[in-house]
Amino acid sequence: MAQALVKSGREVSAAVALVRERRSLRALSNGTFVVYLTAGLDVARLLTGLERTAG
């Protein structure tokens, strides 16, 4: 959900805050995922060696 909010134009901090507000303060407690949101998925793929899969 947070990634979709970011892709739709929200700032990462606003997207994270909204998800936590609607779900739980413990939502998105994985700091690495929040870093991925900040860096962008393309950068995250480069950093982790992930490859795109044909869909």
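All of the points below concern the structure found in this document. (Residues numbered from 1 in each chain as written. Predicted model: local features only at pLDDT ≥ 70, side-chain atom pairs only at ≥ 80, totals over all residues. Heavy atoms only, no water.)

Within the chain one finds 4 helices and 0 strands. For the chain, the succession of helices and strands along the chain, N to C, is α-α-α-α. Within the chain, buried positions represent 20% of all 55 residues. Residue pairs at least 24 apart in sequence account for 26% of intrachain contacts in the chain once pairs closer than 6 positions are excluded. Split by element, the accessible area of the chain, about 4400 Å² in all, is 54% carbon and sulfur. (Helix = DSSP H or I, 4+ residues; strand = E, 2+ residues; numbered from the N terminus. Buried < 20%, exposed > 50% of the residue type's maximum accessible area, 1.4 Å probe, protein only. Contact = heavy atoms within 4.5 Å. Areas by Shrake-Rupley, 256 points an atom, 1.4 Å probe, with all protein chains shown as cover.)

One finds A2, L5, V12, A15, V16, L18, V19, A27, L28 and L37 forming the largest nonpolar core, which totals 10 residues. Of all elements in the fold, only helix 1 (2-7) and helix 2 (12-22) reach the threshold of two or more residues within this core. Per element, the largest residue contribution to this core is 5 residues, and it comes from helix 2. With sequence-adjacent residues up to four places away left out, V12 is seen in contact with V6, V34, L37 and T38. (Core = buried A, V, L, I, M, F, W, Y, C linked by side-chain atoms within 4.5 Å.)

Residues apart from glycine generally show negative phi values, whereas peptide bonds are mostly found in trans. Of note, L28 is a non-glycine position whose phi angle comes to about 55 degrees, a positive value. Counting through the fold element by element, L28 comes out in the loop between helix 2 and helix 3 (31-39).

For V34, the position within the fold is in helix 3. Residues V34 and S13 lie 21 residues apart in sequence; the distance between their C-alpha atoms is 8.9 Å. Setting aside its immediate chain neighbours within four residues, V34 contacts V12, V16 and L28.

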